[in-house]
Amino acid sequence: MATYAIGDVQGCFEELNALLEVIGFDRNNDRLWFVGDLVNRGPASLATLRFVRDLGERAQTVLGNHDLHLLAVAHGFAKVRADDTLAEVLAAPDCDSLLEWLRYRSMLHVEANLVLVHAGLLPQWEIARAKALAEEVEAELRGPRYREFLSQLYGSRPDRWSDGLHGIERLRVIVNAMTRLRFCTAEGVMEFSSKGETEAGPPGYFPWFEIPGRKSANHTVICGHWSALGLRIAPNLVALDSGCVWGGVLSAIRLEDRRLYQVPCADAPSARSLAAQAGPKPQR
């Protein structure tokens, strides 16, 4: 039995199937960990959702910002964007059951020394604390007031954590950190405009995983979300968004020995050379 963590699929179902073939995925024994953003921007979000749902306990997935966007759009609390590719999901006869399944996915998964989250964690959060905060959001999403929660989900304020936060402001900070975070200050103030490489943050802002003394550093965090960062493998970080939906590659890592597997974007033949050349970026 092996466990494979897979980067942002975003509806790239053809590439996901190709990756599982390269891996030699054994549906009866192996497990797949998805870093979130199963849907959107790629051509086959519906097939991706159905496939991962039907894996049952063989799949562990956390919610990404695009997955939450699908829920918000489906319930009328967000507008469809020009580059969204969610129409097929929304028109599907099993849309309601797929959305119900998605609504019950985790925000964060912890197993031994491994932590699965879509984007990142604020530096002041120990893993036990982050898990408890994730469960607060999960309770809202799975509870009778989930529509009210989705209606107030969007927004970048507050931009920092405080133990005194409550209500939707508390929940929004948790969601934004776990599904949108790239750069923050040493005090955990988040900045959401910068999406480039690690040097692209404003003065005083750093990649969340480079903050000195961050309290989650004693675990290995497995994440995605940051395609400009690309593949990054370090002792306590496995970042797997290698930009398949943008013409890059879809990446997976076998967690038992950190063996890397990649397949190129089907619509970008030149990505084959990228797949051959790509390797883990060194820790800074």
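Structure: above.
Residues numbered from 1 in each chain as written. Predicted model: local features only at pLDDT ≥ 70, side-chain atom pairs only at ≥ 80, totals over all residues. Heavy atoms only, no water.

Draft legend 1. Fine view of the nonpolar core. Counting 82 residues, the largest nonpolar core has Ile-6, Leu-16, Phe-34, Leu-49, Leu-121, Trp-125 and Met-178 as its most contacted members. The contact partners of Ile-6, leaving out residues within four places of it in the chain, are Leu-16, Leu-19, Leu-20, Leu-32, Trp-33, Phe-34, Val-35, Leu-240, Leu-250, Ser-251 and Ala-252. Grouped together as the second largest cluster of nonpolar side chains are 12 residues, Ala-5, Val-238, Leu-240 and Leu-255 included. (Core = buried A, V, L, I, M, F, W, Y, C linked by side-chain atoms within 4.5 Å. Buried < 20%, exposed > 50% of the residue type's maximum accessible area, 1.4 Å probe, protein only. Contact = heavy atoms within 4.5 Å.)

Draft legend 2. Highlighting the pairing of strand S1 (residues 3-6). Side-chain alternation along S1 places Thr-3 and Ala-5 on one buried face and Tyr-4 and Ile-6 on a second face that is also buried. Taken together, the four bridges between S1 and strand S2 (residues 31-34) define a ladder with parallel strand orientation. Bridge pairing links Tyr-4 to Leu-32 in S2. Viewed along the sheet, the connection from S1 through helix H1 (residues 13-23) into S2 turns out right-handed. When S1 meets strand S12 (residues 249-254), the two strands line up antiparallel, connected through three bridges. (Helix = DSSP H or I, 4+ residues; strand = E, 2+ residues; numbered from the N terminus. Pairing = 2+ DSSP bridges. Right-handed = clockwise from strand over helix to strand, strands pointing away.)

Draft legend 3. Just the pairing of strand S13 (residues 259-264), in detail. By the bridge criterion, six bridges tie S12 to S13 in an arrangement that is antiparallel. Following the sheet pairing, Arg-254 is matched in S13 by Arg-259. Where S12 folds back onto S13 in an antiparallel hairpin, the turn is made up of four residues, including Arg-258, whose phi is positive at roughly 60 degrees.

Draft legend 4. Region of the structure containing helix H6 (residues 127-142). With 16 residues, H6 extends 22 Å between its outermost C-alpha atoms, agreeing within 8% with the 22 Å of an ideal straight helix rising 1.5 Å per residue. Along H6, the positions that sit buried rather than exposed are Ile-127, Ala-130, Leu-133, Ala-134, Val-137, Glu-138, Glu-140 and Leu-141. An end-on view of H6 places all buried positions within 160 degrees of arc, on one side of the element. Elements in contact with the buried residues of H6: helix H3 (65-74), helix H5 (95-103), strand S4 (108-111), strand S5 (114-117), helix H7 (146-151) and helix H8 (167-180). (Expected span 1.5 Å × (residues − 1). Arc of directions from axis to C-beta.)

Draft legend 5. Looking closely at the layout of surface pockets. Within this model, the largest pocket holds a volume of roughly 570 Å³. Lining the largest pocket are 23 residues, with Asn-65, His-66, Arg-81, Lys-195 and His-225 sitting closest to its centre. At the level of secondary structure, the elements contributing two or more residues to the lining of the largest pocket comprise H3 and H8. (1 Å grid on protein atoms, 1.4 Å probe; cavity = no way out; pocket = protein on both sides within 12 Å on 5 of 7 lines; lining within 4 Å. Points joined across faces, edges and corners; volume = space filled by probe spheres on them.)

Draft legend 6. Spotlight on the packing of H1 against helix H2 (residues 45-54). Where H1 contacts H2, the axes come no closer than 9 Å and their chain directions differ by 40 degrees. Taken together, H1 and H2 sit at an angle that is classed as oblique. Within the contact between the two elements, H1 uses Phe-13, Leu-16 and Leu-20 and H2 uses Ala-47, Thr-48 and Phe-51. Classifying every residue of the contact of H1 with H2 gives five nonpolar, one polar and no charged. (Axes fitted to C-alpha atoms, helices over the stretch in contact; angles between N-to-C directions. Parallel < 35°, antiparallel > 145°, perpendicular 65-115°, else oblique. Nonpolar A, V, L, I, M, F, W, Y, C, P; charged D, E, K, R; others polar.)

Draft legend 7. Summary view of the pattern of salt bridges. Counting across every chain of the model gives 12 salt bridges. Across the pair Arg-170 and Glu-136 runs a salt bridge whose closest N-O atoms are separated by 2.8 Å. In this pair, Arg-170 sits in helix H8 while Glu-136 sits in helix H6, placing the two residues 34 residues apart along the sequence. Residue Arg-145 is joined to Glu-140 by a salt bridge in which the shortest nitrogen-to-oxygen separation is 2.9 Å. Each of Arg-50, Arg-53, Asp-54 and Asp-94 takes part in one network of salt bridges that share partners. (Salt bridge = Lys/Arg side-chain N within 4 Å of Asp/Glu carboxyl O.)

Draft legend 8. Up close: the packing of aromatic side chains. Summed over all chains, the structure comprises six aromatic pairs. Ring centres of Tyr-4 and Tyr-261 lie 5.9 Å apart, and the angle between their planes is 75 degrees; on these two criteria the pair is classed as edge-to-face. Placement of Tyr-4 in strand S1 and of Tyr-261 in strand S13 is noted, with a sequence separation of 257 residues between them. Here Tyr-4 falls in the buried class, since its relative accessible area comes to 4%. (Phe/Tyr/Trp six-rings, centres within 6.5 Å; stacked < 30°, edge-to-face > 60°.)

Draft legend 9. Spatial organisation of the side chain of Arg-170. Arg-170 gets classed as buried once you look at its relative accessible area, which sits at 13%. The contacts of Arg-170, once residues within four sequence positions are left out, are Arg-129, Leu-133, Glu-136, Trp-161, Asp-163 and Leu-165.

Draft legend 10. Local environment of the sheet that holds strand S8 (residues 206-207). Read from one edge of the open sheet, three strands run S7-S6-S8, paired in antiparallel fashion. Of all strands in the sheet, those bounded by a partner on one side alone are strand S7 (190-191) and S8. By the bridge criterion, two bridges tie strand S6 (residues 183-184) to S8 in an arrangement that is antiparallel. Directly across from Cys-184, in S8, lies its bridge partner Phe-206.

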